[in-house]
Amino acid sequence: MKKIAPLFCYSKYQRLIVCLAAFVLWSCHHNAQPSKNTSHLLGKGNLELAGTTFQLQNEVYEAYLKMKSAAKEDGIELLGVSGYRSFERQKQIWNRKYTRFTQVEGLTPEKAIDKIITYSTIPGTSRHHWGTDLDVIDNGVSATGYLLDPKKYEEKGPFGALKKWMDEHANAFGFYLVYTQNPSRKGFYYEPWHYTYRPLSQPMLKEYMKLHFREIFKNENVLGYEYMSDAFIEKYIQENILDINPLVK
Ligand SMILES: [Zn+2]
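These lines cover the structure that appears in this document, whether it is placed above or below. Numbering of residues starts from 1 in every chain and runs along the sequence as written. Note on the predicted model: pLDDT of at least 70 is required for a residue's local features to be given, and 80 or more for side-chain atom pairs to be given and counted; whole-chain, interface and lining totals, by contrast, use all residues.

## Some remarks on the nonpolar core
Here's step 1: Think of a nonpolar core as buried Ala, Val, Leu, Ile, Met, Phe, Trp, Tyr and Cys residues, each tied to the set through C-beta atoms within 7 Å. The exposure scheme places C-beta atoms from the backbone and then counts, for each residue, the other C-beta atoms within 10 Å of its own, assigning buried at 20 or more, exposed at 12 or fewer, and partly exposed in between. By size, the foremost hydrophobic cluster in this structure holds 28 residues, and its most contacted members are Tyr 176 and Tyr 195.
Here's step 2: Secondary structure elements follow DSSP: runs of H or I of four or more residues count as helices, runs of E of two or more count as strands, with numbering from the N terminus. For this core, the element with the most residues is helix α2 (residues 58-73), which contributes five residues.
Here's step 3: By size, the runner-up hydrophobic cluster in this structure holds 12 residues, among which are Trp 94, Phe 213, Phe 217 and Tyr 225.

Written as structure tokens, this is what we have:
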């Protein structure tokens, strides 16, 4: 009598095919490009924003308002001065600085880029693109000159009381400093005004790290992109994007 081989009884050849198919599936998934819709990570729309003078994602804005009223009860006039920033806006800032440094100040493209990234981000890489990060001041005290200056947030500075209040209470509302005062931290300088809403920004950072930045800079025609070597981009990612407060990674 003729035996019928059960389905699971594969020949060597069939097993090889199955393994190969499984590998192809795994590898497609593993090397997958980030989902096509990555515009929300780059400041190119697709975020629901709230706010008038500055904007944040709805959930972040609600948390900000709660923190703001709690601060007010303690006599601090917490005020967000900068929230969401679009890719186009960051590109304007970048291209203006790049043009000035290379054409007016005569810096080489590489030196100009190094100079810009001490305080500004390459378009597409600003955390302000996410609608989760904001810069805060104390609107209840008089301060002159450029407000976002670390000296103003020192204990005796005009925003010293705000900083102390934020140190004690911001985390309870989901907000954390990103660019901390840690001498061994690389990347962007200390920014005592810049906070992120961790419940949303932490998962966004994970998604963000799957992006291919070189292609983005090239496709978006960011000035100077052709002078950004792979080593430069890798260093920028490790230092400027990832060397931040470990609590927000
Ligand atoms: Zn900021």
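## Describing α2
Here's step 1: Under the convention used throughout, the expected extent of a helix is 1.5 Å for every residue step, that is, one less than its residue count. Its 16 residues give α2 an end-to-end C-alpha distance of 23 Å, which sits within 8% of 22 Å, the value for a rise of 1.5 Å per residue.
Here's step 2: Among all positions of α2, only Val 60, Tyr 61, Tyr 64, Met 67 and Ala 71 are buried. Buried residues of α2, seen end-on, are gathered within an arc of 125° and therefore sit on one face of the element. Along α2, the residues that are exposed and aim more than 90 degrees away from the buried face are Ser 69 and Glu 73.
Here's step 3: At the exit of α2 stands Gly 75, carrying a positive phi of roughly 80°. Taking the helix axis as origin, the arc is that swept by the directions to the C-beta atoms.

## Concerning the environment of Tyr 190
Here's step 1: With respect to the helices and strands, the residue Tyr 190 is situated in the loop between β5 (175-177) and β6 (194-197).
Here's step 2: Classification of Tyr 190 by C-beta neighbours within 10 Å gives partly exposed; the count is 15.
Here's step 3: A sequence separation of 54 residues divides Tyr 190 from Ile 244, and the C-alpha atoms of the two residues are 9.8 Å apart.
Here's step 4: For Tyr 190, the contacting residues outside a window of four places in its chain are Pro 150, Tyr 179, Thr 180 and Gln 181. Once C-beta atoms are placed from the backbone, any two residues with those atoms within 7 Å are in contact.

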